[in-house]
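Here are the chains, one letter per residue:
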Amino acid sequence: MGEDKAFLVVDGQPLWQRQVAKLTALEPAETVLSLHAEQKIESAPVPIVRDAHPGIGPLGGILACLEAVKTSPLLVLGVDLPGMTEHVLRTLLLNMKTGCGAVFSRRGTFEPLCAIYPKLMLELGREMLLQNEYALQVFIRRGLQRGWMKQVEIGDSLQAAFANLNTPEDLARFTA
């Protein structure tokens, strides 16, 4: 993208603020904002959690949030999914089993940045860190194998919510 996606402005608001608003609208027990070391936000309406394992990608942020929150499970929403809606997030919440997490999937590929993680996944994440394994697809697959996650297939009607902003062209298409 060439710049930090969290600060891209859509409809007059930085993406990080849009995503925090979507999450807080669900009225969770806790909401936190995960940032890596270089990201600077002057004032956030929720507590900020810094990446505990810099340089390993999104797994580091997820693990930092799992460590920080007191409640379980943890609903994760990536900043670069601006089309995500409260309706889709509620669909995920409704599909989760008690004590477990849930993840959307499409043709065998998981959407780990729109997923619900139980605290048990922290144990798995720590194991993966020791193995120098940071891939979220592996993280999810292992969570599913242990029965800690439930897979929810993305239907055609929900596809637009998962449009990811990776290039300036993606942003232009989304804002058009």
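Definitions and limits used
- Residues numbered from 1 in each chain as written.
- Predicted model: local features only at pLDDT ≥ 70, side-chain atom pairs only at ≥ 80, totals over all residues.
- Heavy atoms only, no water.
- Pairing = 2+ DSSP bridges.
- Helix = DSSP H or I, 4+ residues; strand = E, 2+ residues; numbered from the N terminus.
- Axes fitted to C-alpha atoms, helices over the stretch in contact; angles between N-to-C directions.
- Contact = heavy atoms within 4.5 Å.

Attention shifts here to the sheet that holds strand β6 (residues 101-106). The strand order across the open sheet formed by 4 strands is β5-β7-β6-β8, and the pairing between neighbours is mixed. Of all strands in the sheet, those bounded by a partner on one side alone are β5 (74-77) and β8 (149-153). Strand after strand, the sheet turns through a mean of 35 degrees between neighbouring axes, direction not considered. Here β6 pairs with strand β7 (residues 109-117) via 4 bridges, running antiparallel. The partner of R106 across the bridge, within β7, is T109.

In this structure, K5 sits in the segment before β1 (9-10). If we skip the residues at most four places from it in the chain, K5 touches L15, V79, D80, N164, L165 and N166.

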